[in-house]
Amino acid sequence: VVRQKQTTSTTATQSTMGNRTGRAHSVAGKTWKSFDERLRDLIKFKKKFGHCNVPRKFVEDQSLGSWCNNVRFSYKQIKEGKQPHNTLSTEDIRRLDNIGFQWRVRQFKTPRS
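The structure contained in this document is the topic of the report that follows.

Here is what the cut-offs are and how they apply
Residues numbered from 1 in each chain as written. Predicted model: local features only at pLDDT ≥ 70, side-chain atom pairs only at ≥ 80, totals over all residues. Heavy atoms only, no water. Salt bridge = Lys/Arg side-chain N within 4 Å of Asp/Glu carboxyl O. Helix = DSSP H or I, 4+ residues; strand = E, 2+ residues; numbered from the N terminus. 1 Å grid on protein atoms, 1.4 Å probe; cavity = no way out; pocket = protein on both sides within 12 Å on 5 of 7 lines; lining within 4 Å. Points joined across faces, edges and corners; volume = space filled by probe spheres on them. Nonpolar A, V, L, I, M, F, W, Y, C, P; charged D, E, K, R; others polar. Disulfide = S-S within 2.5 Å. Buried < 20%, exposed > 50% of the residue type's maximum accessible area, 1.4 Å probe, protein only. Polar contact = N/O pair within 3.5 Å; in protein donor to acceptor, adjacent residues only side chain to side chain. Core = buried A, V, L, I, M, F, W, Y, C linked by side-chain atoms within 4.5 Å. Axes fitted to C-alpha atoms, helices over the stretch in contact; angles between N-to-C directions. Parallel < 35°, antiparallel > 145°, perpendicular 65-115°, else oblique. Contact = heavy atoms within 4.5 Å.

1. So, the pattern of salt bridges
Moving on, step 1. Counting across every chain of the model gives seven salt bridges.
Moving on, step 2. Across the pair D61 and R38 runs a salt bridge whose closest N-O atoms are separated by 3.3 Å. Here R38 lies in helix α2 (residues 35-49) and D61 lies in the loop between α2 and α3 (62-79), a separation of 23 residues in the sequence.
Moving on, step 3. The partner of K82 in a salt bridge is E80, with the nearest N and O atoms 3.2 Å apart.
Moving on, step 4. Put simply, K33, R38, D41 and D61 are held in one network by salt bridges that share partners.

Okay, here's the thing in structure tokens:
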């Protein structure tokens, strides 16, 4: 299990993966969802669109796209043997794998005319 770096205040690290209590929490007027809540949001997205590739700037829920991007970045750091900025446990990875989360997403740019 990868552990979160020690900090003295609530950081973006805690907010991007979500807390482990299963409940949303608020920091500086913003509400951060737990990992479980984000996973449920991702499952709803998949049911609607048929995949888990949430665009980074998804109009309906931009924070979900950002969360997915942060999860992918943390996973990449783990695979490279680095200490990720966000907590991402083996169980979290397994749960994301089970719903078909893609750890690498290729972005294709359309040619300009």
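More follows now that the structure is in view.
2. Describing the layout of surface pockets
Rolled over the atoms, a probe as big as a water molecule pinpoints where empty space is left.
Moving on, step 1. The volume enclosed by the largest pocket comes to roughly 430 Å³.
Moving on, step 2. Looking at the largest pocket, it is lined by 17 residues, and the ones nearest its centre are N69, R72, W103, R104 and V105.
Moving on, step 3. A class-by-class count of the residues in the lining of the largest pocket yields seven nonpolar, four polar and six charged.

3. Here's the deal with the state of the cysteines
Moving on, step 1. Taken as a whole and assessed by the stated rule, the structure comprises zero disulfides.
Moving on, step 2. Left without a disulfide partner, C52 is nearest to the cysteine sulfur of C68, which lies 7.6 Å away.
Moving on, step 3. What makes C52 buried here is its relative accessible area of 2%.

4. Notes on the side chain of S89
Moving on, step 1. With respect to the helices, strands and loops of the structure, S89 is situated in the loop between α3 and α4 (90-98).
Moving on, step 2. For S89, a relative accessible area of 13% gives the class buried.
Moving on, step 3. Within the structure, the side chain of S89 is placed 3.0 Å from the backbone nitrogen of D92, a separation counted as a polar contact.

5. Things to note about the nonpolar core
Moving on, step 1. One finds L42, W67, L88, L96, F101 and W103 to be the most contacted residues of the largest nonpolar core, which totals 18 residues.
Moving on, step 2. Listing elements by their share of this core, those giving two or more residues are α2, α3 and α4.
Moving on, step 3. It is α3 that contributes the most residues to this core, five residues altogether.

6. Remarks on the packing of α2 against α4
Moving on, step 1. Across the interface, α2 lies against α4 with an axial gap of 11 Å and an inter-helix angle of 10°. One element, α2, and the other, α4, form an angle in the roughly parallel class. Residues F35, D36, L39 and L42 of α2 pack against D92, R95 and L96 of α4.

7. Quick notes on the environment of I78
Moving on, step 1. Within the secondary structure layout, I78 lies in helix α3.
Moving on, step 2. Given a relative accessible area of 24%, I78 falls into the partly exposed group.
Moving on, step 3. A sequence separation of 10 residues divides I78 from L88, and the C-alpha atoms of the two residues are 8.7 Å apart.

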